[in-house]
Amino acid sequence: MDLRFTPEEIAFRDELRRFFRTEIPAEIRRKVSEGRHLSKDEIVTSHRILNAHGLATPNWPVAWGGKDWSPVQRYIFTEELQRAAVPLPLQFNVYMVGPVIAAFGSEEQKRRFLPATANLDIWWCQGFSEPGAGSDLASLKTRAEKRDGKYVVSGQKAWTTLGQHADWIFCLVRTDREAKKQRGISFLLIDMKSPGITVRPVLTIDGGHEVNEVFFDEVEVPAENLVGEENKGWDYAKFLLANERTGIARIGMSKQRIARAKRLAREVQAGGGSLWDDVDLRRRVAAIEVELKALEITQMRVVAAQRHRDADKPDPASSILKIKGSELQQATTELLLDIAGPYAQPAQEDGRNAAAEHGMDAIAPLYFNARKVSIYGGSNEIQRNIIAKAFLGL
Amino acid sequence: MDFDLTDEQRLLKDSIDRFVDDAYGDFEKRRRYQAEPAGYDPRLWAGLAELGMLALPFAEEEGGFGGGPVETMIAMEAIGRGLAVEPFLSTVVLGGGFLRFGADASMRAALVPRIADGSLTLAFAQLEPASRYALHDVSTTARRDGDGFVLDGRKVAVLHGDSAGKLVVSARTAGARRDRDGITVFLVDADAPGLTRRGMPTQDGLRAADVTLDAVRVGPEAVLGKVDQGLPLIEKVVDIGIAALCAEAVGAMEDLQRNTVDYLKTRQQFGVAIGSFQALQHRAADMLVAVEQARSMAMYAAMMAEEADPALRRPAVSAAKVQINQSGRKVGQEAVQLQGGIAMTLEYKAGHSFKRLAMIEKSFGDTDHHLRIVSEADSLIEAE
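The structure displayed is predicted, hence computed values, not measured ones.

**Some words on the overall build of chain A**
Each helix and strand in chain A was counted, giving 13 helices and 10 strands. In terms of C-alpha radius of gyration, chain A reaches 22 Å, essentially the compact-globule figure of 21 Å for 394 residues. Principal-axis analysis of the C-alpha atoms gives chain A an extent of 75 × 50 × 45 Å. Residue pairs at least 24 apart in sequence account for 72% of intrachain contacts in chain A once pairs closer than 6 positions are excluded. Summing over all exposed atoms, chain A offers an accessible surface of approximately 16700 Å²; the carbon and sulfur share of this is 50%. Counting 55 positive and 53 negative side-chain charges, chain A places the centres of these two groups 3 Å from one another.

The following block contains the structure:
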């Protein structure tokens, strides 16, 4: 047992550190570090720099631009990316639809979509959740009827993240209304420019435009846009959701926020000195750091155990990472909010208030927004159900 | 990075797990061991010696097994699972640590074989009525007398102090009560004239003693480490002890978590197993999360326990103890809540595991104490 990285792994890490800090524009990294929303251009710029260096899709099959990395190298990559406040490569492309097309798509689909998906020439969004299908995803109602060799799609998708930028949407649709609910679902790729699609923005409590509702009214979809087999979509969705949950702990991001909290606490004046003179605050920071250290090792244990596992099978340990990781992400935003204190109040982002001098005007929205992390990706209560069933046999 | 055990470590784990299971699998037996005069069964202690466990951390050329912190972790986890009452921590881990890092070759040659064969047990007499968790707060004095020393003072709650053959005693040879310099570590015969012991049971079913030193005379050979410079040695050995306690706690938590889940599967109310209730399932899931977080930090503590640089070692071990304390409290309390009435009785194991975890929390520093060390070191994550 040795918890240290090998010299080769350390060299790999140091090279990534150098790359992220020199190649990704500092302004983009500053915005990520302060928890601000990025523009479409900024996300595309950063993603394409990664892709130009073969770093946007390391988790893909090597034949389609992936890296033959060990689980430890993949872990180091994600960790360092987050610590350097580099925007994650677009999740919908890289961790969701890309791997599904690579694993289950036709050769024609792979050629058509994978290179464009890797380079973010196509921006994908996710059409899974519906107003009536959240944690109980399989109860989704959006239906696709086969007519004249085409699918005709009608219904409504909810919580479509960054759908306002999307060129395509990957959807779960019901193709068999008679079958048991998981068995009648298919996985369809739909061009967002198709007639009959309407996108309605939904502003979240942080004031950001992150999510949308997407309405489908008799949208015609060519039959060749079906991924895999009809009515097998649930299997592909499970594969995708397991991918979504790995790396969901976002340990590098929490570390980056703690590092920022420590800097801000030294800068913010209080009681004639700085906030960092407050022993109670420092203990609180230390308590979060301890739990984060524990989670980091738990994550590494899961990563190391992947060598002994079937790589395609989801690991129920990812539920532990999701629960604790999301709790700690939220704890770091609470910490930042408490450090900002009264300076969390001003809402304008024009840089002309005292709070903005320290970048603190974006802290309250970050705190508001981070409440989502215990809800999405399978709510933490769903994760506890998974643990109770898969680990404990209850 | 690698979390696998070597083949040798797996063999060690198999043999200690089997030993503890044979000795403690029937929990009723524990009561009989506790009723022995020493508070543990000498035959089991001899069995551990036969297994090589009592030689675990000592160098092979000195008759030891050559094990490191990972081997200690393996042994302590098994001890935690079984709630074993033998003085392994005080004799092999703590006492052994003082011998390994403080004794010269001739003292080790004389004593290591006696520890290994089970004929000598040790206890660490550190805590004083006013010291709380501060290892440098030492009022017991050791006055020079010819080429030896004369010790006076009181040590309290010395784990297994009532049965130990020799005591490791911290005493002040110079300076004021809370100075970091001026502390010396002595190895004192338990039957030395002027040394009296009052034995007592502890809350978690082990044994301890209050020790009074009244003009106890020792020769120069009793000094472990350097005169006046004993504190770094004490801190080093205590960190090794904390790492071991972390592993013991993980064993106890794992066992509690398992028997709680078993209970949820078998206990019927309202015509169904209570484990079918989501309110209880979620609490059981959170217990598992707490155990796994603790296990990760016990591994971290094992990795850092023998790190030579105290600036790296101390905050790391303290961070581990914070996690162990918090997980231990949660897992213990939840196990009692989920097992309900039976866990409130002395008749079932769960209540005893709960108590051991509560006492581990109060051994060598509680959560506040170690959080202070982590916070002052400020070394886990650097400010940007």
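Once you've had a look at it, read on.
**Quick look at the UniProt feature "domain: Acyl-CoA dehydrogenase/oxidase N-terminal" (unreviewed entry) in chain B**
Per the UniProt entry, the sites bearing "domain: Acyl-CoA dehydrogenase/oxidase N-terminal" (unreviewed entry) are residues 6–118 of chain B in this numbering. For residues 6–118 of chain B, the helix share is 66%, the strand share is 0%, and the end-to-end C-alpha distance is 27 Å.

**Looking at helix H10 (residues 349–361) of chain B**
A turn of α-helix holds 3.6 residues, and therefore any two residues three or four places apart point the same way. Along its 13 residues, H10 of chain B runs 19 Å from first to last C-alpha, staying within 8% of the 18 Å computed at 1.5 Å per residue. Residues of H10 of chain B that are buried: Lys349, Ala350, Gly351, His352, Ser353, Arg356, Leu357, Ile360 and Glu361 of chain B.

**Details of helix H8 (residues 251–267) of chain A**
With 17 residues, H8 of chain A extends 25 Å from end C-alpha to end C-alpha; this agrees with the ideal 24 Å at 1.5 Å per step. When you tally the buried positions in H8 of chain A, you get 14 out of 17 residues, the bulk of the element.

**Points about the UniProt feature "domain: Acyl-CoA oxidase/dehydrogenase middle" (unreviewed entry) in chain A**
Under the local residue numbering, the UniProt record ascribes the feature "domain: Acyl-CoA oxidase/dehydrogenase middle" (unreviewed entry) to residues 125–219 of chain A. Secondary structure content for residues 125–219 of chain A is 0% helix and 51% strand, while the C-alpha to C-alpha distance between its ends is 17 Å.

**Some remarks on the pattern of salt bridges**
Residue and element names in this part refer to chain A. Inspection of every chain in the model, using the stated rule, returns 71 salt bridges over all chains. The closest approach of N and O atoms between Lys262 and Glu289, which form a salt bridge, is 3.0 Å. Residue Lys262 is located in helix H8, and its partner Glu289 is located in helix H9 (residues 279–305); the two are separated by 27 residues in the primary sequence. Neither Lys262 nor Glu289 differs from the other in exposure class; each is buried.

**As for the interface of chain B and chain A**
Contacts between chain B and chain A engage 42 residues on the former and 48 residues on the latter. Taken together, both faces of the contact between chain B and chain A bury some 4200 Å²; the carbon and sulfur share is 64%. One can count five salt bridges joining chain B with chain A. For the salt bridge of Asp378 of chain B with Arg266 of chain A, the shortest nitrogen-to-oxygen distance reads 3.1 Å. For the interface between chain B and chain A, the tally reads 19 residue pairs in polar contact (both at pLDDT 80 or more).

**Examining the environment of Asp338 of chain A**
Residue and element names in this part refer to chain A. One can find Asp338 in helix H10 (residues 317–340). On a C-alpha basis, the gap between Asp338 and Ala364 in space is 9.5 Å, while along the polypeptide they are 26 residues apart. Of the polar contacts made by the side chain of Asp338, one reaches the side chain of Arg284; its length is 2.9 Å.

**Regarding a nonpolar patch on the surface**
Residues Phe270, Val272 and Phe277 of chain B make up a contiguous nonpolar surface patch of roughly 320 Å² in combined accessible area. Considering the arrangement of structural elements, one finds Phe270 of chain B in the loop between strand S9 (268–269) and strand S10 (272–273).

**Regarding unusual backbone geometry**
Residue and element names in this part refer to chain B. You will see that Leu83, though not glycine, has its phi angle at about 55°, which is positive. Within the secondary structure, Leu83 sits in the loop between helix H4 (69–82) and helix H5 (88–102). What makes Leu83 buried here is its relative accessible area of 2%. The phi angle at Phe270 is positive, at roughly 55°, despite the residue not being glycine. Taking the relative accessible area as the measure of exposure, Phe270 reaches 78% and is therefore exposed.

**Details of the UniProt feature "domain: Acyl-CoA dehydrogenase/oxidase C-terminal" (unreviewed entry) in chain B**
Summarizing the sequence annotation, UniProt attributes the feature "domain: Acyl-CoA dehydrogenase/oxidase C-terminal" (unreviewed entry) to residues 228–376 of chain B in the numbering used throughout. Spanning residues 228–376 of chain B, this segment combines 78% helix with 3% strand, and its end C-alpha atoms are found 25 Å apart.

**Brief notes about the nonpolar core**
Formed by 137 residues in total, the largest nonpolar core has its most connected members in Phe20 of chain A together with Phe88, Phe98, Leu99 and Leu224 of chain B. Of the residues forming this core, the biggest block, 20 residues, is contributed by helix H7 (residues 231–266) of chain B. Core analysis: the second largest hydrophobic core is formed by 56 residues, Cys125, Val153, Ile197 and Phe216 of chain A among them.

**Observations regarding the domain arrangement of chain A**
Residue and element names in this part refer to chain A. Considered domain by domain, chain A is made up of domain 1 (7–89), domain 2 (124–231) and domain 3 (246–391). Here domain 2 and domain 3 have C-alpha centroids that lie 31 Å from each other. For the pair domain 2 and domain 3, the two sides together bury roughly 430 Å², of which 51% comes from carbon and sulfur. Per-residue buried area on domain 2 facing domain 3 is highest for Ser135, Ile205 and Asp206; these three make up 79% of the total on that side. For the interface between domain 2 and domain 3, the tally reads one salt bridge. A salt bridge links Lys372 to Glu210, with the nearest nitrogen and oxygen atoms 3.0 Å apart. If you look at where domain 2 meets domain 3, you find three residue pairs in polar contact (both at pLDDT 80 or more). A breakdown of the residues in the side of domain 2 that touches domain 3 according to their chemical character gives one nonpolar, two polar and two charged.

**Describing the packing of H7 of chain B against H10 of chain B**
Residue and element names in this part refer to chain B. Packing of H7 against H10 leaves a shortest axis separation of 10 Å and a crossing angle of 155°. Overall, the two elements H7 and H10 adopt an arrangement that is roughly antiparallel. Handedness of the H7/H10 crossing: left-handed. Residues Leu245, Glu248, Ala249, Ala252, Met253, Asp255, Leu256 and Asn259 of H7 lie in contact with H10, whose contacting residues are Lys349, Ala350, Ser353, Phe354, Arg356, Leu357 and Ile360.

**Focus: the packing of aromatic side chains**
Counted according to the given criterion, the structure contains 19 aromatic pairs over all chains. Between the aromatic rings of Phe128 of chain A and Phe187 of chain A, the centroid separation amounts to 6.2 Å while the plane-to-plane angle is 90°, which identifies the pairing as edge-to-face. In this pair, Phe128 of chain A is assigned in the loop between strand S1 (124–127) and strand S2 (143–147) and Phe187 of chain A in strand S5 (residues 185–191), connecting sequence segments 59 residues apart. The exposure class of Phe187 of chain A is buried, given its relative accessible area of 0%. Of the aromatic side chains, those joined through ring pairs into one cluster are Phe113, Trp124, Phe128, Trp168, Phe170 and Phe187 of chain A. Directly above the aromatic system of Phe101 of chain B lies the positively charged group of Lys236 of chain B, at a separation of 4.4 Å from the ring centroid.

**A closer look at the environment of Asp14 of chain A**
All names here are of chain A. Mapping Asp14 onto the fold places it in helix H1 (residues 7–23). Residue Asp14 is classed as partly exposed on the basis of its relative accessible area, which comes to 37%. Spatially, the C-alpha atoms of Asp14 and Glu80 are 9.1 Å apart, while their sequence positions differ by 66 residues.

Cut-offs and rules
- Residues numbered from 1 in each chain as written.
- Chains lettered and ligands numbered in written order.
- Predicted model: local features only at pLDDT ≥ 70, side-chain atom pairs only at ≥ 80, totals over all residues.
- Heavy atoms only, no water.
- Helix = DSSP H or I, 4+ residues; strand = E, 2+ residues; numbered from the N terminus.
- Rg over C-alpha atoms; globule rule 2.2 N^0.38 Å.
- Contact = heavy atoms within 4.5 Å.
- Areas by Shrake-Rupley, 256 points an atom, 1.4 Å probe, with all protein chains shown as cover.
- Lys, Arg positive; Asp, Glu negative; His and termini not counted.
- Charge placed at Lys NZ, Arg CZ, Asp CG, Glu CD.
- UniProt positions renumbered as here; feature names shortened; annotations may be inferred.
- Expected span 1.5 Å × (residues − 1).
- Buried < 20%, exposed > 50% of the residue type's maximum accessible area, 1.4 Å probe, protein only.
- Salt bridge = Lys/Arg side-chain N within 4 Å of Asp/Glu carboxyl O.
- Buried area = accessible area lost by both parts, 1.4 Å probe.
- Polar contact = N/O pair within 3.5 Å; in protein donor to acceptor, adjacent residues only side chain to side chain.
- Patch = residues over 30% accessible without salt bridge, like charges linked within 9 Å, V, L, I, M, F, W, Y side chains within 5 Å.
- Core = buried A, V, L, I, M, F, W, Y, C linked by side-chain atoms within 4.5 Å.
- Domains from an automatic or database assignment.
- Nonpolar A, V, L, I, M, F, W, Y, C, P; charged D, E, K, R; others polar.
- Axes fitted to C-alpha atoms, helices over the stretch in contact; angles between N-to-C directions.
- Parallel < 35°, antiparallel > 145°, perpendicular 65-115°, else oblique.
- Left-handed = near helix turned anticlockwise from the far one by under 90°.
- Phe/Tyr/Trp six-rings, centres within 6.5 Å; stacked < 30°, edge-to-face > 60°.
- Lys NZ or Arg CZ within 6 Å of the ring centre and 35° of its normal.

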